[in-house]
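# A closer look at the structure
As a plain string of letters, each chain reads:
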Amino acid sequence: MTTELGEFLRSRRAAISPEDAGLVSYGARRVPGLRREELAMLAGVSPTYYTRLEQADHHNASDSVIDSLARALRLSAEEHDHLRRLARPGTAAPARYRVERPRPSTVRLINATPGPALLIDHRNDVLAWNRLGHLLIAPELPFEQPEDVENRPNLTRRFFLEPGGRDLWVEQAATAYSHVGFMRYSSGLHPADHQLSCLVGELTQKSDEFAELWAQHPVNDCGYGVKKFQHPLVGRFDLEYEAPVMPETSHRMCLYHAEPGSPAADALELLAR
């Protein structure tokens, strides 16, 4: 039986060689990475128990087993949290997801921010943006587009499916990977969201690149970093960003920043004019 947990564990097991794990490898291997019994030994569980985890029986996994597997597989903090959600799924009834609406106070805060700012939800739909955020990300769209709940810009769909959607980004392979990683991370947090599942299904069917990356099970909450832009209006520049989650929501405020006096600051000033 194939499970989401099993696919994730196999993908991470295949990414670690016996040598990397401090083991001696004997004989030829048909597939890369650690064997089940090797990972079980590293995690301190029996091979039979670990096999059950990969196949179907994951509801009794203790925190200590999950933590041991995370250490053996060298998971990041986001991947560790993702593993725990897969191994210990909630038993509550599925949540009913309503149309995401930004708080008016958050929209006012976005508009008062001097640098580019966007408000996105857990599906990467743009709920609001200020003038510079709009000009940075999608100057060809109407400024009011996020207010149309049926046709809001979606950053991931835009990158993978819309003509020219990836042209804004210099590091397109890394950007693709981060988009898919965020979709995985968000799907683990919101497994009952039908709209999110439909979005992932659409992307998987229409984009071979997305489907290939999705099968690799990347996990990333994309909370901060540096974005490298090749903007159609003002050219090449880099911006730092932070994306904190707003209280009592799944909304993230994406704030972009340029060092004063830098080429990026000059680019933003030109864009604002």
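Look up a bit, the structure's there.
The rules we used
- Residues numbered from 1 in each chain as written.
- Predicted model: local features only at pLDDT ≥ 70, side-chain atom pairs only at ≥ 80, totals over all residues.
- Heavy atoms only, no water.
- Helix = DSSP H or I, 4+ residues; strand = E, 2+ residues; numbered from the N terminus.
- Buried < 20%, exposed > 50% of the residue type's maximum accessible area, 1.4 Å probe, protein only.
- Contact = heavy atoms within 4.5 Å.
- Areas by Shrake-Rupley, 256 points an atom, 1.4 Å probe, with all protein chains shown as cover.
- Phe/Tyr/Trp six-rings, centres within 6.5 Å; stacked < 30°, edge-to-face > 60°.
- Disulfide = S-S within 2.5 Å.
- Pairing = 2+ DSSP bridges.
- Axes fitted to C-alpha atoms, helices over the stretch in contact; angles between N-to-C directions.
- Core = buried A, V, L, I, M, F, W, Y, C linked by side-chain atoms within 4.5 Å.

## Here we look at the overall build of the protein
Helices and strands together make up the secondary structure of the protein, namely 12 helices and 5 strands. Dimensions of the protein, computed from the C-alpha atoms along their principal axes, are close to 65 × 40 × 35 Å. When the 273 residues of the protein are sorted by exposure, 47% land in the buried category. For the protein, long-range pairs separated by at least 24 residues make up 56% of all intrachain contacts whose partners lie at least 6 apart in sequence. Split by element, the accessible area of the protein, about 14,400 Å² in all, is 53% carbon and sulfur.

## So, the packing of aromatic side chains
Overall, the coordinates contain 7 aromatic pairs when judged by the stated rule. Taken together, a centroid distance of 5.0 Å and an interplanar angle of 40 degrees make the contact between Trp169 and Phe229 tilted. Remark: Phe229 occurs in strand β3 (residues 224-231) and Trp169 occurs in the loop between α8 (155-161) and α9 (172-189); sequence separation between them is 60 residues. Its relative accessible area of 12% is what places Trp169 among the buried residues.

## Remarks on the state of the cysteines
Disulfide: a covalent bond formed between the sulfur atoms of two cysteine residues. Summed over all chains, the structure comprises 0 disulfides. Here Cys222 stays unpaired: no disulfide links it, and the sulfur of Cys254, its closest cysteine neighbor, is 9.2 Å away.

## Concerning helix α4 (residues 63-73)
Val65, Ile66, Ser68, Leu69, Ala70, Ala72 and Leu73 are the residues of α4 that are buried. Elements in contact with the buried residues of α4: α1 (4-13), α2 (36-43), α3 (47-55) and α5 (77-87). Following α4 by one or two positions, Arg74 adopts a phi angle in the positive range, close to 55 degrees.

## Some remarks on the sheet that holds strand β1 (residues 117-120)
With respect to topology, 5 strands assemble into an open sheet ordered β2-β1-β5-β4-β3, the strand pairing being antiparallel. The open sheet is flanked by β2 (126-129) and β3, the only strands paired with a single partner. If you compare each strand with its neighbour and ignore which way they point, the axes differ by 30 degrees on average. As judged from the 3 bridges shared by strand β4 (residues 235-242) and strand β5 (residues 252-257), these two strands associate in the antiparallel manner. The partner of Glu240 across the bridge, within β5, is His257. Contacts from helix α6 (residues 104-112) reach β1, β2 and β5 within the one sheet, and its direction differs from that of β1 by about 155 degrees.

## Overview of the nonpolar core
Ranked by size, the top nonpolar core spans 40 residues in total, and within it Leu136, Ile137, Phe210, Phe229, Phe237, Leu239 and Tyr256 carry the most contacts. When residues of this core are assigned to their parent elements, the largest contribution, 5 residues, is made by helix α12 (residues 263-272). If you look at the next biggest cluster of nonpolar residues, it comprises 26 residues, including Leu5, Leu39, Ala70 and Leu75.

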